[in-house]
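# Working through the structure, step by step
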Amino acid sequence: MMWLTWRQFRAQGIVAAALAVALGVVLLITGLNLAHLNSDSGGATCHGARACATAANAFINQLPGTGSVPVFFGTIAVIYLAPALMGIFWGAPLVARELETGTFRLAWNQSVSRARWLVVKLGVVGLAAMATAGLLSLFLGWWESPIFRAAALAGSDSAAVTRISPQLFGAQGIAPIGYAAFAFALGVTAGALIRRTIPAMAVTLAAFGLVQAAWPLWIRSHLITPLREYFAITPANVNELAIINNTQMIVRHDVEKPGAWVVSDQTVSPSGHLFSGPPTHACLSANASPNACNASIAALHLRALISYEPASRFWPLQWTETGIFVVLAMALAAFCAWRIGKRRLA
Amino acid sequence: MIWLTWRQFRAQSIAAGAFVVAFGVVLLVSGIKIAHAYSSAGVPGCHGAGACANAATTFIDQLRGSSTELIYYTGIVIVYLAPALMGMFWGAPLVARELETGTFRLAWNQSVSRTRWVVAKLGLIWLAAMATAGLLSLVTGSWASPIFRAGQLAGSDSVSLDRLAPQLFGAQGIAPIGYAAFAFALGVAAGVFIRHTIPAMAVTLVGFGLVQLAWPSWVRPHLAPQLRQYLPITGANVNELVVENNQFIVRRTIFKPGGWVVSNQTVNPAGRPFGGAPLQACVSGPQSACNAAVNTLHLRTLISYVPARGFWELQWIEAGIFVVLAAALTAFCAWWIRNRQLT
């Protein structure tokens, strides 16, 4: 059964290995260059916050010229796409092709029981999918470690170096492993239910895409309750002031939470309600002086209520999310096993 | 032949139609909200550069962080992905499925000649792919037009509002139509060569992806007529100053709202690329002394850029090239199908 699985998986496995090796080579070459730059700018051996921040900034400023930015975002795109592609090309045809071509009559009529057939096929290919995703994530983690270390030293709060932000989170750590398992199981289930390969591929793509789009928006922030914090809004830290229709005023402040994922940021009045106006008289008048306007806003005693996940929650969120997706994958696999076991060989 | 094409294409077209309608509804609902915010921020009737810039900035700030921003980026992703998906799901199985299952022996042995079979199937679905891509581009483009107009009024330097920027260019105007034609033809050609559906889908995806990745960096800069401009670098307007080992990097980042800065090089007064030893004042000394020292170097920035008004010319050129490539691939496929032995 192991040999059979390998023989039927051979083409896909070789293609995936070739692509992974190609990406690995690119990351190796550019990553060694980055590590070299980092040690050159003294990032590795600096002492003291100031010296380290200076060294880190020197390193970061050189990054655009090294062509690292496209490599970084390209690799992240590949890591986001990989689970979907594995679900489509490895998962969907697994059972659907047997059903579509009728070869299930041969495959499930052997001395090897259907359960064993399914367990070995799902297990081997599923583990291969998880291993591929994990390997890609490991490559990226190694490659980006100098950049993230420098960003932390320089106190940067750019979204491009915040590991826990929605844009990066799914391509880091062990999350891609969970996604790969889920996408693969989703593909197999779609194939078992729809019984045609290409529609199963389309459905897997659509379903997995929806889950990936909806998850960071609506579910991830509820996995661990975010921390809430109030900030006083003073004229110094207002970075957005807009008056709309002369009846509404939007005041937003600068959020400084390096490394954290700010889930929501609302401006509230002293009574705790959402503040949306009306505009103060000093800001509304035609010849408003900025000082008078700022003073009037200070007098409103507004506060910013932000709910955020701090950087320290990165690994707990990763484990939680991966765990949930792996459990979902197992549930789907169990459902497939039940469904295939029930099917009559007519 | 038209009925047959429709009957074999029915499922895919219904799926695509349902998706386009669903996406269109989302855009419609969101578009009404944007139009409302646009007029209430006072952008349509503003007079004067300053007032217009203020109104435009107010409008854009209101949209930041809301669902509108999410729809904006999702729309871009969808318009970029649509040609690839159509190539994979419509193009690759077209001929490959006939070859794989052996039904080509029936399909190409009818009274309808093979040429007519190819023309009808390839032509009709080609048109459907181009129409779908064009519709998606039109719908997202008109949804986003207030945002782009406000971006230009506000003189924004955000690359996510520059129509010509590589990240956005391929998702607007008529370029997606060209991409869809090419991806579809690539899918059919892959199916013809590989003769198995799923590998053909994989090859189409990878091939089209590689072309899309390489195109903006290596081919597109040569398509558009570019303008060159020299701008002075002073200590005050330097954006990037790096002193390290024996390297001295001085850069000034230039923005061309709505345009595309293809290359940006720092040159010395003689016009050669600047690569000098670090100035002593910048290695050890206060920022003001370093600024003054940079002034004495009389450096300039040489940028090569495509201005905003070159957008449509570049769109037509690019769409045209991709359509020609697609036609060439299709002609090859037609020739191959005509001459294949029916064994």
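It should be emphasised that the depicted structure is a prediction, and the values quoted were computed from it without experimental measurement. (Residues numbered from 1 in each chain as written. Chains lettered and ligands numbered in written order. Predicted model: local features only at pLDDT ≥ 70, side-chain atom pairs only at ≥ 80, totals over all residues.)

## A look at the overall build of chain A
Threshold: Put simply, DSSP H or I for four residues or longer makes a helix, DSSP E for two residues or longer makes a strand, and each gets a number counted from the N terminus. A radius of gyration in this sense is built from C-alpha atoms; the matching globule rule multiplies 2.2 Å by the number of residues raised to 0.38. Counting other C-beta atoms within 10 Å of a residue's C-beta gives its exposure: the residue is buried at 20 or more, exposed at 12 or fewer, and partly exposed in between, where C-beta atoms are placed from the backbone. Contact between two residues is assigned whenever their backbone-derived C-beta positions fall within 7 Å.
Tallying secondary structure elements over chain A gives eleven helices and five strands in all. Taking 20 Å as the expected radius of gyration for a compact globule of 346 residues, we find that chain A reaches 26 Å, considerably beyond that expectation. Summarising its shape, the C-alpha atoms of chain A cover approximately 85 × 50 × 30 Å along the three principal directions. Evaluated residue by residue, chain A yields a buried proportion of 35% over its 346 residues. Contacts in chain A between residues far apart in sequence, at least 24 positions, make up 80% of those at least 6 positions apart.

## Looking at helix α1 (residues 2-40) of chain B
Residues and elements named next belong to chain B. Put simply, the rule is: Expected span of a helix: the number of residues minus one, times 1.5 Å. The bend reported for a residue corresponds to the angle between axes fitted to the seven residues ending at that residue and the seven starting there.
The terminal C-alpha atoms of α1, which comprises 39 residues, lie only 50 Å apart, well short of the 57 Å expected from a rise of 1.5 Å per residue. The largest bend along α1 reaches roughly 60° and is located at Phe 9. Those residues of α1 lying buried are Ala 16, Gly 31, Ile 34, Ala 37 and Tyr 38. Elements that come into contact with the buried residues of α1 comprise α2 (49-63), α3 (67-101) and α5 (114-153). Within two residues after α1, Gly 42 carries a phi angle of roughly 85°, on the positive side.

## Section: the interface of chain A and chain B
Filter applied, for reference: For this classification, Asp, Glu, Lys and Arg are treated as charged, while Ala, Val, Leu, Ile, Met, Phe, Trp, Tyr, Cys and Pro are nonpolar and the rest, including Gly, are polar.
Each partner contributes residues to the interface: chain A has 17 residues there, and chain B has 16 residues. At the level of elements, α1 (2-40), α2 (49-62), α3 (68-101), α8 (197-223) and β2 (238-244) of chain A are the ones that each hand at least two residues to the side of chain A that touches chain B. Among the elements that make up the side of chain A that touches chain B, the one with the highest residue count is α8 of chain A (four residues). A per-class count over the side of chain A that touches chain B returns ten nonpolar, five polar and two charged.

## What about the nonpolar core?
Most often, soluble globular proteins keep nonpolar side chains buried together rather than apart. The criterion, for reference: By definition, a nonpolar core groups buried Ala, Val, Leu, Ile, Met, Phe, Trp, Tyr and Cys residues that are joined through C-beta atoms within 7 Å.
The biggest cluster of nonpolar side chains holds 129 residues, and the ones touching the most others in it are Ala 180 of chain A together with Ala 129, Ala 180, Ala 181 and Phe 184 of chain B. Other than its neighbours up to four places away in sequence, Phe 184 of chain B contacts Met 86, Gly 87, Trp 90, Gly 91, Ile 125, Trp 126, Ala 129 and Ala 326 of chain B. The next biggest cluster of nonpolar side chains, apart from the first, holds 14 residues, and it includes Val 43, Cys 52, Phe 59 and Ala 154 of chain B.

## Details of the confidence of the model for chain B
Low-confidence regions, as indicated by low pLDDT, have predicted coordinates that should not be scrutinised in detail. All names here are of chain B. Quick note on the threshold: Note: pLDDT gives the predictor's confidence per residue, expressed from 0 to 100.
When the pLDDT values of chain B are averaged, the result is 86; 97% of them are 70 or greater. Taken element by element, chain B is modelled with least confidence in strand β2 (residues 240-244), mean pLDDT 70, and with most confidence in helix α7 (residues 175-194), mean pLDDT 95. Prediction confidence for the complex, expressed as pTM and ipTM, is 0.85 and 0.78 respectively.

## Here's the deal with the sheet that holds strand β4 (residues 260-267) of chain B
All names here are of chain B. Here is the rule: The pairing criterion is simple: DSSP has to find at least two bridges between the two strands. Only the stretch in contact is used when a helix axis is fitted, and all axes are lines through C-alpha atoms; the angle between N-to-C directions ranges over 0 to 180 degrees.
One open sheet holds the three strands; their spatial order is β1-β5-β4, and the pairing between them is antiparallel. Across the chains shown, the open sheet's two edge strands, defined by having one partner strand only, are β1 (227-232) and β4. In this sheet, adjacent strand axes meet at a mean angle of 20° when their direction is disregarded. Two strands pair when backbone bridges link them, and β4 and strand β5 (residues 300-306) are joined in this way by seven bridges, in the antiparallel orientation. By the bridge assignment, Ser 263 is partnered in β5 with Ser 304.

## A word on the pairing of strand β1 (residues 227-232) of chain A
Consecutive side chains of a regular strand alternate in pointing toward one face of the sheet and then the other. All names here are of chain A. Burial analysis of β1 places just zero of its six residues in the buried class, a small minority of the element. Sheet topology places β1 next to strand β5 (residues 303-309); six bridges connect them, and they run antiparallel. Of the residues in β5, the one forming a bridge with Leu 227 is Tyr 308.

## Digging into the packing of α5 of chain B against α7 of chain B
Residue and element names in this part refer to chain B. Definition in use: Note on convention: near helix rotated counterclockwise from far helix by under a right angle means a left-handed crossing. Clockwise means right-handed.
Running from amino to carboxyl end, α5 crosses α7 at an angle of 145°, the nearest separation of the two axes being 8 Å. Handedness of the crossing formed by α5 with α7: right-handed. For the pair formed by α5 and α7, the contact residues are Leu 122, Ile 125, Trp 126, Ala 129, Met 130, Thr 132, Ala 133, Gly 134, Leu 136 and Ser 137 on the first element and Pro 176, Ile 177, Tyr 179, Ala 180, Ala 181, Phe 184 and Val 188 on the second. Classifying every residue of the contact of α5 with α7 by side-chain character gives 14 nonpolar, three polar and no charged.

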